[in-house]
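# Coordinate inspection notes
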Amino acid sequence: QNTSGEITAEATYEGSTYDGSADIAIAESDVIPTEVYFNPESASFAGSDTVTVDLMMETDSPMLSWKIELGFQPTRVSCVDVEILGTNGIFGSAANRLITDLEWDNTNGLILMGAAGQADGFEGVSDTGILARIKFIALVADPASDLVFTNDPLEIYNFPVSNPAVKAIFVNTTNGQITE
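The text that follows walks through the structure, step by step, so that each part is easy to find. (Residues numbered from 1 in each chain as written. Predicted model: local features only at pLDDT ≥ 70, side-chain atom pairs only at ≥ 80, totals over all residues. Heavy atoms only, no water.)

With that settled, the discussion passes to the nonpolar core. In terms of nonpolar packing, the biggest core is built from 34 residues, with Trp66, Ile68, Met113 and Phe136 touching the most fellow members. If you list the elements that add at least two residues to this core, you get strand 3 (34–39), strand 5 (50–59), strand 6 (65–71), strand 7 (77–84), strand 9 (110–118), strand 10 (128–138) and strand 11 (145–149). Once residues lying within four places of it in the same chain are set aside, the contact partners of Ile68 are Val36, Leu55, Ile111, Leu112, Met113, Leu131, Phe149, Asn151, Leu154 and Ile156. (Core = buried A, V, L, I, M, F, W, Y, C linked by side-chain atoms within 4.5 Å. Buried < 20%, exposed > 50% of the residue type's maximum accessible area, 1.4 Å probe, protein only. Helix = DSSP H or I, 4+ residues; strand = E, 2+ residues; numbered from the N terminus. Contact = heavy atoms within 4.5 Å.)

Below you can see the structure in the form of structure tokens.
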């Protein structure tokens, strides 16, 4: 995780422009860990034609919106369904779930998904829960495929993504796997 950096700012006041920069440092104790992972971490077809994995999140930081891209081996498996969960997902009934992105590309092995929680007074969710449920079918006799996060860093925010004053949440990820 990046715990230091530089901020550059420019301000205009009564016709004059002021430039400046400052070094910043974030103490490890100030970083609230958020984990994004697959459940199960290693999913098996085990004689079935399909396998389902849940994309999970554990966070103590009030999350309002997320956007995640996943990669898989499209010559071995094909995505047949992605469900961004509403009341049974991480947002529960605390907010209306607005799906912002939902598409998959079986030619290139990519899944793009995202959602935001919206309701009067909703200040985010700090919990463990399911972001999305993803279903795959096997295309070959040995359908082993890695499931990898392809956008780095993940776009997890504690303000809506469309708000220009967004604050990203630091995220640790664990890639998954589909096995025979």
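Following the structure, the description resumes.
Further remarks concern the packing of aromatic side chains. We describe a pair of aromatic rings using the distance from one ring centre to the other and the angle between the two ring planes. Considering all chains together, one arrives at two aromatic pairs under this definition. Judged by centre distance (5.3 Å) and plane angle (25°), the rings of Phe38 and Phe149 are stacked. Of this pair, Phe38 sits in strand 3 while Phe149 sits in strand 11, and the two are 111 residues apart along the sequence. When sorted by exposure, Phe38 lands in the same class as Phe149, which is buried. (Phe/Tyr/Trp six-rings, centres within 6.5 Å; stacked < 30°, edge-to-face > 60°.)

Before going further, it helps to examine the environment of Thr75. Topologically, Thr75 is positioned in the loop between strand 6 and strand 7. Each residue touching Thr75, except ones within four places of it in the same chain, is listed here: Leu139 and Val140.

Now for the sheet that holds strand 13 (residues 172–173). Across the sheet, which stays open at both edges, the five strands sit in the order 7-10-5-3-13 with mixed pairing between neighbours. On the outer flanks of this sheet lie strand 7 and strand 13, each paired with one strand and no other. With nine bridges joining them, strand 5 and strand 10 adopt antiparallel strand pairing. Among the inter-strand pairings, Val53 is bridged to a residue of strand 10, identified as Ile134. (Pairing = 2+ DSSP bridges.)

Regular strands have side chains that alternate between both faces of the sheet. A one-sided burial pattern is seen for strand 11, the buried positions being Ser145, Leu147 and Phe149 and the unburied ones Asp146 and Val148. Pairing geometry for strand 6 and strand 11, over two bridges, is antiparallel. When the bridges of strand 11 are listed, Leu70 appears paired with Phe149.

With that settled, consider the environment of Leu154. Its location among the elements puts Leu154 in the loop between strand 11 and strand 12 (155–157). Looking at Leu154, the relative accessible area reads 8%, which means it is buried. Separated by 87 residues in sequence, Leu154 and Lys67 place their C-alpha atoms 6.9 Å apart. The residues touching Leu154, leaving out its near neighbours within four places in the chain, are Val36, Lys67, Ile68, Phe149, Val171 and Thr173.

This part is about unusual backbone geometry. Cis geometry marks the peptide bond from Asn39 to Pro40; its omega dihedral reads -5°. Residue placement: Pro40 occurs in the loop between strand 3 and strand 4 (42–44).

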